[in-house]
Amino acid sequence: MPIVDPRSGEPISATPEAGAQQPSQQQAQAPADSDLIFDVDRSNIQQVLELSTRIPVLLDCWAPWCEPCKNLMPVLEKLVREYRGTFLLAKLNIDDNQDIAAQLGVRSVPDVKLISQGGLVDQFQGALPEKEIREWLGRYFPAPEDAPASPEELAEQALANGDTDTALGIYQELSQQYPEHYAYQIQMARTLVSAQRNEEARALLDALPPEERDAPAARGVRASIEFSEEAPSQDDLAAMESRDDSEANYLRALRKVADGDYENGLPGLLAVMKSDRAYGDDLARKTLLRVFDALGADHPLTVDYRRKLFALLY
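Residues numbered from 1 in each chain as written. Predicted model: local features only at pLDDT ≥ 70, side-chain atom pairs only at ≥ 80, totals over all residues. Heavy atoms only, no water.

Trainee: Any chance you could explain the overall build of the protein here in plain terms?
Mentor: In terms of helices and strands, the protein carries 15 helices and five strands. Across the 314 residues that make up the protein, the buried fraction comes to 45%. A fraction of 64% describes how many contacts in the protein between residues 6 or more apart in sequence connect residues 24 or more apart. Carbon together with sulfur atoms contributes 48% to the accessible area of the protein, which is approximately 16,100 Å² in total. (Helix = DSSP H or I, 4+ residues; strand = E, 2+ residues; numbered from the N terminus. Buried < 20%, exposed > 50% of the residue type's maximum accessible area, 1.4 Å probe, protein only. Contact = heavy atoms within 4.5 Å. Areas by Shrake-Rupley, 256 points an atom, 1.4 Å probe, with all protein chains shown as cover.)

Below, the structure is given as structure tokens:
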């Protein structure tokens, strides 16, 4: 059963073509909620392609045995309702429709395809986190004005408010939902450091695969653990509030670095190095180099402060 592009009569391609028409932002009137999500099989695949000439369709190719599919589907259903008919969600069980899956070039699931005007516009594979799916959709559709905050945004807000317990709960749930998205585990380790639970954070980082454990993001958290153990407490900072010597200024900068406030910590370290290069056997410069390693060579702050450090040295 060939799956035919209703515009040309030719079989649709599983690869986006250069001339593929992008979905229009001027959509038909949003259908009722019960019509936003539906199953696809041999009986209606052609009607779905016809429908896509009026409103884009997100085709979710899944399988009953696929655990990532079970995590992804509720996210897609949530988003299609949130977008109120800007696009529709069609679900294709590849086990029951192997011929359609083969013609669409589905080799692994989940496989999500955006179809508009009867043709393939874009696609992604794997159970991406909600934040990344929103970014992907944002290439084609304006986000709803009243879109709720994503879990990642809620965690960031909680951290900004000092509510580490809420942030930890969110990252723990995301880590369980997306076990191969290691950024969530790294964020959970960072939150544990904020909660002064350094040993738990170390154990979490140590359990990561080697390529993730040694990557800049994890190194940055590990450096934060080390800096937090070296940095003075808030009580110690308060006790040296009136001091303006090299030690006090260095420790203030180190506290900012330990808290992840690199934008204010790095200038402090550079200032100590400039005013008192001999302090602590060149400790400010050595700490700057450790921060560069933690941030990674390509981080904008690393690039900027390496240049400033070079100018100061030479």
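Trainee: Explain a nonpolar patch on the surface to me, please; I cannot follow it from the model alone.
Mentor: A cluster of nonpolar residues, Phe310, Leu313 and Tyr314, forms a patch on the protein surface that exposes about 380 Å² of accessible area. Note that Tyr314 resides in the segment after α15 (300–313). (Patch = residues over 30% accessible without salt bridge, like charges linked within 9 Å, V, L, I, M, F, W, Y side chains within 5 Å. Salt bridge = Lys/Arg side-chain N within 4 Å of Asp/Glu carboxyl O.)

Trainee: Explanation requested: the packing of aromatic side chains in the structure shown.
Mentor: The way to describe two aromatic rings as a pair is by their centre distance and the angle between their planes. The final tally for this structure, using the stated rule, is eight aromatic pairs. Taking 4.9 Å as the distance between ring centres and 80 degrees as the angle between the ring planes, the aromatic pair formed by Phe124 and Trp136 counts as edge-to-face. Residue Phe124 is found in strand β5 (residues 119–125), and its partner Trp136 is found in helix α4 (residues 130–137); the two are separated by twelve residues along the sequence. Trp136 carries the same exposure label as Phe124, and that label is buried. Ring plane angle 50 degrees and centroid distance 5.7 Å describe the contact between Tyr250 and Tyr279, whose orientation is recorded as tilted. (Phe/Tyr/Trp six-rings, centres within 6.5 Å; stacked < 30°, edge-to-face > 60°.)

Trainee: Mind showing me how you'd approach the pairing of β5 here?
Mentor: Looking along a regular strand, one sees the side chains alternate between the two faces of the sheet. Most of β5 is tucked away, with five of its seven residues classed as buried. Pairing analysis gives six bridges linking strand β4 (residues 111–116) to β5, with the strands arranged antiparallel. Counterpart to Val112 in the pairing with β5 is Phe124. The hairpin turn running from β4 into β5, its antiparallel successor, is two residues long, and Gln117 in that turn takes a positive phi close to 55 degrees. (Pairing = 2+ DSSP bridges.)

Trainee: Mind showing me how you'd approach the pattern of salt bridges here?
Mentor: Counting across every chain of the model gives 23 salt bridges. Across the pair Lys78 and Glu130 runs a salt bridge whose closest N-O atoms are separated by 3.0 Å. Remark: Glu130 occurs in helix α4 and Lys78 occurs in helix α2 (residues 67–82); sequence separation between them is 52 residues. You can call Lys78 partly exposed: its relative accessible area is 35%. What emerges from the salt-bridge pattern is a single network uniting Lys78, Glu82, Glu130 and Arg134.

Trainee: When you look at helix α13 (residues 262–275) in this model, what are you seeing that I'm missing?
Mentor: At 3.6 residues per turn, the α-helix brings residues three or four places apart onto the same side. Between its terminal C-alpha atoms α13 stretches 20 Å, which fits the 20 Å expected from 14 residues at 1.5 Å a residue. By the burial criterion, the buried members of α13 are Tyr262, Gly265, Leu266, Leu269, Leu270, Val272 and Met273. Angularly, the buried residues of α13 cover 160 degrees about the axis, an arc narrow enough to put them on a single face. Opposite its buried face, α13 presents the exposed residues Glu263, Lys274 and Ser275, each directed more than 90 degrees away. At its buried positions, α13 is contacted by α10 (216–230), α12 (246–258), α14 (283–295) and α15. (Expected span 1.5 Å × (residues − 1). Arc of directions from axis to C-beta.)

Trainee: Just to check I follow, could you spell out the state of the cysteines for this structure?
Mentor: Here, disulfide denotes a covalent bond that connects the sulfur atoms of two cysteines. By the definition in use, this model includes one disulfide. One disulfide bridge connects Cys66 with Cys69, the sulfur atoms lying 2.4 Å from each other. Between Cys66 and Cys69 the disulfide shows an S-S torsion of about 85 degrees. By sign, it is right-handed. Cys69 gets classed as buried once you look at its relative accessible area, which sits at 2%. Considering cysteine sulfurs only, Cys69 is the nearest to Cys61, which forms no disulfide, with 9.2 Å between them. Cys61 sits in the buried class, given a relative accessible area of 0%. (Disulfide = S-S within 2.5 Å.)

Trainee: Explain the environment of Gly296 to me, please; I cannot follow it from the model alone.
Mentor: Summarising the element assignment, Gly296 is placed in the loop between α14 and α15. Given a relative accessible area of 6%, Gly296 falls into the buried group. Note: C-alpha distance between Gly296 and Arg219 (77 residues apart in sequence) is 8.5 Å. In contact with Gly296, other than residues within four places in its own chain, are Pro216, Arg219 and Thr302.

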